[in-house]
Amino acid sequence: MSRRRYVARGVPGGYRIWDNRGRRWWGDLYELCPEPGRVEAHPREATGEFQ
């Protein structure tokens with residue numbers, strides 16, 4: 001079985017795409033979007049107020 005060329009890797013603030021063949025980041029940083037139901041249920045936690 002061959003190795004995947006592109007994989008998503010978690011980085012601070014979201015995730016980026018790693019190119020295994022080129023051994024470098026590919027594309028831009030994708031920010032994590034909070035789930036709509038979670039924001040409604042826990043608004044302070046989603047905004048970072050609640051630590």
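Above this text you will find the structure in question.
Keep in mind that this is a model prediction, so the values were computed, not measured.

A few words on the pattern of salt bridges. Inspection of every chain in the model, using the stated rule, returns 1 salt bridge. Here R5 makes a salt bridge to D19, at a shortest N to O gap of 3.0 Å. Of this pair, R5 sits in the segment before β1 (6-11) while D19 sits in strand β2 (residues 14-19), and the two are 14 residues apart along the sequence. Given a relative accessible area of 33%, R5 falls into the partly exposed group.

The next point concerns the sheet that holds strand β3 (residues 24-31). Strand order across the open sheet formed by 3 strands is β1-β2-β3, with antiparallel pairing between neighbours. Each edge of the open sheet is held by one strand with a lone partner, namely β1 and β3. The average undirected angle you get between the axes of adjacent strands in this sheet is 25 degrees. By the bridge criterion, 5 bridges tie β2 to β3 in an arrangement that is antiparallel. Counterpart to W18 in the pairing with β3 is W25.

This paragraph deals with the pairing of β2. Where β1 meets β2, 6 bridges bridge the pair, whose relative direction is antiparallel. Bridging from a neighbouring strand, Y6 pairs with D19 of β2. In sequence, β1 turns back onto β2 through a hairpin of 2 residues, with G13 there showing a positive phi of about 95 degrees. Count of turn residues in the β2/β3 antiparallel hairpin: 4 residues, of which R23 carries a positive phi of about 50 degrees.

Reading the values: rules and limits
- Residues numbered from 1 in each chain as written.
- Predicted model: local features only at pLDDT ≥ 70, side-chain atom pairs only at ≥ 80, totals over all residues.
- Heavy atoms only, no water.
- Salt bridge = Lys/Arg side-chain N within 4 Å of Asp/Glu carboxyl O.
- Helix = DSSP H or I, 4+ residues; strand = E, 2+ residues; numbered from the N terminus.
- Buried < 20%, exposed > 50% of the residue type's maximum accessible area, 1.4 Å probe, protein only.
- Pairing = 2+ DSSP bridges.
- Axes fitted to C-alpha atoms, helices over the stretch in contact; angles between N-to-C directions.

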